[in-house]
Amino acid sequence: MDTNIKHIGVFTSGGDSPGMNAALYAISKAAEINNIRLSGIRRGYEGLIDGDFVKLKPNEMQKIVHRGGTVLKTARSSRFLTLEGRKLALDNLLKNKIDALIAIGGDGTFKGLLVFSELCELPFVGIPGTIDNDLAGTDFTLGFDSAVNTAIDNIDKIRDTAESHNRIFLIEVMGRDCGYIAINAGLGVGADAILIPESGQDFVRLLDKIKNYESEDAFIVVVAEGDELGAEITASKIKELNPEVDLRITKLGHVQRGGNPSALDRMLGIRLGAASVTALMNGERNVMAGILDNQLKFTPFDSVVKQHQVNEELYELLKTLNT
Ligand code: F6P
């Protein structure tokens, strides 16, 4: 056990995701139990550069386990991309005598840590926090399950109006480079078609299906925002084929990032939060904590940020169900 760790800094970075507060609670509690000082760093890498450090008290954090967003706030930092920004960040860590860092975020966050490790010798541990589920090294990222539930709730509502008007709806869900939210939400609502960036064939299947579309029914298409055609172009292609169809586009947008975390995301945050403190005490460095096959696993950052492929079985299921 590495008893040199006396003071840990923690921050959330990139897009917020439900479950981040649960992770912060577990980190604060695990640090307290092990007599480790904990400093929260506000606004991700921006706060590291500005020296914006705050205390995280476990008894206060316990009261926000159920809340979405992140109490530490978050940001996408362009200053950290510069060597000057990273040097300022390092100065602040040394000035505050921080021995190790825990970062909760997505691939941009971990890429940032990889570059930072060329300058800073402190150990880093990551927690996968993004609704996109686009990281290797974990079956699920923090916030993904909540985001899919939010998408499903909203698409169910859209179906009511779609069926009442016999309309085609194209519903765009989040997922910058990845179709995980689209596949899970789309299958969960019984969508007629699901368009994802990982597939070149999904639009062909959609056109095939839409030929037989009876204007006496609703037709629900779930489109990942990262899909190569996107909702607008897909809509205009459908219109070209059949100018008479009654069609609407709905973009669910940031509603998917908010709201109370699901039970799964709360537990994921708590498990990974506590594990990240133990990992640092055990001498782990530059790894992300994740859950694979319901087992805690640590994966080096460089393997985590490789292009994450959509689950093969889910992809085959899309084709089997012709969605
Ligand atoms: O955090 C992931 C994500 O929500 C993506 O799904 C989306 O493309 C992006 O962030 C949006 O980022 P921003 O809130 O900075 O516009």
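Residues numbered from 1 in each chain as written. Predicted model: local features only at pLDDT ≥ 70, side-chain atom pairs only at ≥ 80, totals over all residues. Heavy atoms only, no water.

Per an unreviewed UniProt entry, the protein chain goes by ATP-dependent 6-phosphofructokinase and derives from Euzebyella saccharophila. We quote the UniProt Sequence similarities (unreviewed entry) comment for the protein chain here in full: "Belongs to the phosphofructokinase type A (PFKA) family. ATP-dependent PFK group I subfamily. Prokaryotic clade 'B1' sub-subfamily." Annotation of the protein chain in UniProt includes, under Function (unreviewed entry), the sentence "Catalyzes the phosphorylation of D-fructose 6-phosphate to fructose 1,6-bisphosphate by ATP, the first committing step of glycolysis." (UniProt positions renumbered as here; feature names shortened; annotations may be inferred.)

(A) Looking closely at the UniProt feature "binding site: ATP" (unreviewed entry) in the protein chain. Taking the numbering used here, the UniProt-annotated feature "binding site: ATP" (unreviewed entry) corresponds to Gly 15, Arg 76, Ser 77, Gly 106, Asp 107, Gly 108 and Thr 109. Spatial clustering of the annotated residues is evident: they stretch over 95 residues in sequence, but the largest pairwise C-alpha distance comes to 13.4 Å. As for its position among the elements, Ser 77 is in the loop between α3 (58-61) and α4 (83-95). We classify Ser 77 as buried; its relative accessible area is 13%. If near-sequence neighbours (up to four positions away) are discounted, Ser 77 is found in contact with Tyr 45, Glu 46 and Ile 49. Among the polar contacts listed, one links the side chain of Ser 77 to the side chain of Glu 46, at a separation of 2.6 Å. Considering the arrangement of structural elements, one finds Gly 108 in helix α5 (residues 107-116). (Helix = DSSP H or I, 4+ residues; strand = E, 2+ residues; numbered from the N terminus. Buried < 20%, exposed > 50% of the residue type's maximum accessible area, 1.4 Å probe, protein only. Contact = heavy atoms within 4.5 Å. Polar contact = N/O pair within 3.5 Å; in protein donor to acceptor, adjacent residues only side chain to side chain.)

(B) Highlighting the packing of aromatic side chains. Tallied over the entire structure, the rule returns eight aromatic pairs. Here Tyr 45 and Phe 80 contribute two aromatic rings whose centre-to-centre distance is 3.8 Å and whose plane-to-plane angle is 15°, an arrangement assigned as stacked. Pair noted here: Tyr 45 is in helix α2 (residues 44-50) and Phe 80 is in the loop between α3 and α4, with a separation of 35 residues, a long-range link. A single burial state applies to Tyr 45 and to Phe 80, both of which are buried. Taking 5.6 Å as the distance between ring centres and 75° as the angle between the ring planes, the aromatic pair formed by Tyr 213 and Phe 219 counts as edge-to-face. (Phe/Tyr/Trp six-rings, centres within 6.5 Å; stacked < 30°, edge-to-face > 60°.)

(C) Highlighting the nonpolar core. Membership of the largest hydrophobic core comes to 33 residues, with the highest contact counts inside it found for Ile 8, Val 10, Ile 27, Ile 102, Ile 104, Ile 127 and Val 277. Sorting the residues of this core by element identifies β1 (7-12), α1 (20-33), β4 (100-105), β5 (124-128), α10 (263-281) and β10 (287-292) as the ones contributing at least two each. Ranked by residues supplied to this core, first place goes to α1 with eight residues. With residues near it in sequence (within four places) discarded, Ile 8 still touches Ile 36, Arg 37, Leu 38, Ser 39, Ile 98, Ala 100, Ile 102, Val 277 and Leu 280. Of all hydrophobic cores here, the second largest spans 32 residues; its members include Val 148, Phe 169, Ile 196 and Ala 224. (Core = buried A, V, L, I, M, F, W, Y, C linked by side-chain atoms within 4.5 Å.)

(D) Representation of the site of the ligand within the structure. The full set of residues close to the ligand is Gly 15, Arg 76, Thr 130, Ile 131, Asp 132, Met 174, Gly 175, Arg 176, Glu 225, His 254 and Arg 257. Within the backbone of Gly 175, one N or O atom sits 3.2 Å away from an oxygen atom of the ligand. The side chain of His 254 places a nitrogen or oxygen atom 2.8 Å from an oxygen atom of the ligand. Class assignment for the residues of the shell around the ligand results in two nonpolar, four polar and five charged. Lining the shell around the ligand are residues from two domains, each supplying at least three of them: domain 1 (7-143 + 261-303) and domain 2 (146-257). (Near = heavy atom within 4 Å. Nonpolar A, V, L, I, M, F, W, Y, C, P; charged D, E, K, R; others polar. Domains from an automatic or database assignment.)

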